[in-house]
Amino acid sequence: MNIAVVGLSHKTAPVEVREKLSIPEPQTESAIAHLLNYPHIDEVAILSTCNRLEIYVVSSDIPQGVREVTQFLAEHSKLPVGSLRQHLFTLIHTDAVTHILRVAAGLDSLVLGEGQILAQVKNTHKLGQQYNGVKTILNRLFKQALTAGKRVRSETSIGTGAVSISSAAVELAQIKVENLELYRVLIVGAGKMSRLLVQHLISKGASHISIVNRSRERAAELAKQFPEVTIHIHLLPEMMSVISHSDLVFTSTSSTEPIINRSKLEMVLDPNHSLMLFDISVPRNVDSDVNCLNNVQVFNVDDLKAVVAQNYESRRKMAQEAEKILDEEVESFDIWWRSLETVSTISSLRNKIEHIREQELQKALSRLGSEFGEKHQEVIEALTRGIVNKILHDPMVQLRSQQDIEARRNCMRTLQMLFNLDTEEQFS
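Counting restarts for each chain: residues are numbered from 1 in the order of the written sequence. Totals for whole chains, interfaces and linings use all residues, but because this is a predicted model, local features are given only for residues with pLDDT of at least 70 and pairs of side-chain atoms are given and counted only at 80 or more. Computation of side-chain values: all heavy atoms of the structure, hydrogens and water removed.

(A) Structural detail: the overall build of the protein. Secondary structure counts use DSSP, requiring at least four H or I residues in a row for a helix and at least two E residues in a row for a strand, with both numbered from the N terminus. Each helix and strand counted, the protein has 16 helices and 10 strands in total. Only the C-alpha atoms count toward the radius of gyration. The rule for a globule is 2.2 Å times the residue count to the power 0.38. Its C-alpha radius of gyration of 28 Å places the protein more than 25% over the 22 Å reference for a compact globule of 428 residues. Overall size of the protein, expressed as C-alpha extent along the three principal axes, is 100 × 50 × 40 Å. When burial is assessed residue by residue, the protein has 49% of its 428 residues classed as buried. Counting every atom, the protein has about 21,300 Å² of accessible surface; 49% of that belongs to carbon and sulfur. Only protein chains enter the accessibility calculation, which uses a 1.4 Å probe; a residue is then buried when its area is under 20% of its type maximum, exposed when over 50%, and partly exposed in between. Throughout, the Shrake-Rupley method with a 1.4 Å probe supplies accessible areas, and for residues the shown protein chains are the sole cover considered.

Rendered as structure tokens:
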């Protein structure tokens, strides 16, 4: 068995490709089931965010497993394998382990030190368990990644004041218009990203803010968190009318199809009305045909890179501190991984001793006769199990904790020889 990750990110693919690969949460269950149906995939977890789509697998045949994941991605995205492959990266075992730890720590994000990614990794772990994709190996890997992410945030300052995608979008807007107080702002959506948008807009001086959302209750709940300004709430059917009276529009919904396009805007916009659209959703909420309209400018997540670059240099030294922590966590996972080769020997030893215990117990009970009470039999059963467990405890702990690879393998060979264990050696 080995670990691999196949995916693409803001570093390898533009947003128009990433949105085709995106797997919304409601589709996660069917995607995991589909992947588990492939013959060479034993475990699977899917991390899908606005900046990345990564599929982690455990496979007994990594080249075949990688091919099966690539085939799935081609079918899902409806892109030819040839054109898709140029955007994909593949990492095997230690590289894959290091990668997910860096992702959880925010070191691979568009915004260095981004805080939201840790919660997204945690959700990936939860969904993988819920839909039976995550078993022993990926369970340990994702737990290690979450531990690493938490350590980086608590032991370094990389998360202090870290900008998010939302704040980067607001910074970009401020660069374009300078004084946000003078502009009418609309936010489409009322999720976590929208809450961060409101927070950062207010901090930059915006005061004319409206929210359009499918649910009035959720939008009202968001607005209550910011009593310092009056936030106007509208339902989705009113969206185009509200856009026609807005100057800046931020979109952040989970829609898998564009909700704003050229024809809708042409119907409501005055030809002389200037409008800026900041689309931070993947898949995109704003159709690319909007770019054809005069006086309308569209910015997506890929346009945030210039803003992010300004913050990168000051955070680079903090990232170097974080890398040292990640090295420790990778080593911890590697020690656990190498201990897995002891499982077969330990299992064979325990099975053999347990077989002997049961045989000898039955002989003793038969000699004691039928008058020997059931309660007494239970006591003897517990006694013999306790003796076996105590005898095996130290050898098993020592074998698992042996960090020197050759020393551990010598111990396993010795156990196999001394106890005549029926175990196939599969040391790699």
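After presenting the structure, the write-up continues.
(B) Quick look at the packing of aromatic side chains. Only Phe, Tyr and Trp rings are paired, with Trp represented by its six-membered ring, and only when their centres lie within 6.5 Å; those with planes under 30 degrees apart are stacked, over 60 edge-to-face, the remainder tilted. Throughout the structure, instances matching the rule amount to five aromatic pairs. A centroid spacing of 5.5 Å and a plane angle of 45 degrees characterise the contact between Phe-333 and Trp-336, whose relative ring orientation is tilted. One end of the pair, Phe-333, and the other, Trp-336, are both in helix H13 (residues 305–339), three residues apart, so they sit about a helical turn from each other. Judged by relative accessible area, which is 1%, Phe-333 ranks as buried. Ring geometry for Phe-333 and Trp-337: centres 6.4 Å apart, planes at 25 degrees, overall stacked.

(C) Main features of the sheet that holds strand E6 (residues 208–213). Strand pairing is defined by DSSP finding a minimum of two bridges between the two strands. Reading across from one edge, E7-E6-E5-E8-E9-E10 is the order of the six strands in this open sheet, with parallel pairing throughout. At either end of the open sheet lies a strand with only one pairing partner, and these are strand E7 (231–235) and strand E10 (296–300). Adjacent strand axes in the sheet meet at a mean angle of 20 degrees, parallel and antiparallel pairs treated alike. As paired strands, strand E5 (residues 184–188) and E6 are joined by five bridges and run parallel to one another. For Ile-187, the partnering residue across the bridge sits in E6 and is Ile-211. Only the contacting stretch of a helix is used when fitting its axis, a line to C-alpha atoms as for every element, and angles between N-to-C directions run 0 to 180 degrees.

(D) View of the nonpolar core. Among buried residues, those of type Ala, Val, Leu, Ile, Met, Phe, Trp, Tyr and Cys that are joined through side-chain atoms within 4.5 Å constitute a nonpolar core. In this structure, Ile-165, Leu-201 and Phe-250 are the most contacted members of the largest nonpolar core, which totals 40 residues. At the level of elements, helix H8 (165–177), E5, helix H9 (192–203), E6, helix H10 (216–224), strand E8 (248–251), strand E9 (275–279) and H13 are the ones that each hand at least two residues to this core. Start and end positions for the domains come from either an automated domain assignment or a database one. Both domains that furnish three or more residues to this core are identified here as domain 1 (2–162) and domain 2 (165–309). Filtering out sequence-adjacent residues up to four positions away, Phe-250 remains in contact with Ala-169, Val-170, Ala-173, Val-185, Leu-186, Ile-187, Val-188, Leu-197, Leu-201 and Phe-278. Within the second largest apolar cluster, 37 residues are counted, among which are Leu-47, Ile-137, Ile-158 and Phe-333. Only heavy atoms enter the contact rule, under which two residues are in contact if any of them lie within 4.5 Å.

(E) The arrangement of the packing of helix H6 (residues 116–130) against helix H7 (residues 136–155) in detail. The N-to-C vectors of H6 and H7 enclose an angle of 165 degrees; their axes lie 10 Å apart at closest approach. Relative to H7, H6 is oriented roughly antiparallel. Both H6 and H7 take part in a crossing whose hand is left-handed. For the pair H6 and H7, contact is made by Ile-117, Leu-118, Val-121, Lys-122, Thr-124, His-125 and Gln-129 and by Asn-139, Phe-142, Lys-143, Leu-146, Gly-149, Lys-150 and Arg-153, respectively. Lys, Arg, Asp and Glu make up the charged group, whereas Ala, Val, Leu, Ile, Met, Phe, Trp, Tyr, Cys and Pro make up the nonpolar group; the residues left over, Gly among them, are polar. Here the residues of the contact of H6 with H7 are counted per class, giving five nonpolar, five polar and four charged. Here the word oblique covers every angle except those under 35 degrees (roughly parallel), over 145 (roughly antiparallel) and from 65 to 115 (roughly perpendicular). Should the near helix be turned anticlockwise from the far one by less than a right angle, the crossing is termed left-handed; should it be turned clockwise, right-handed.

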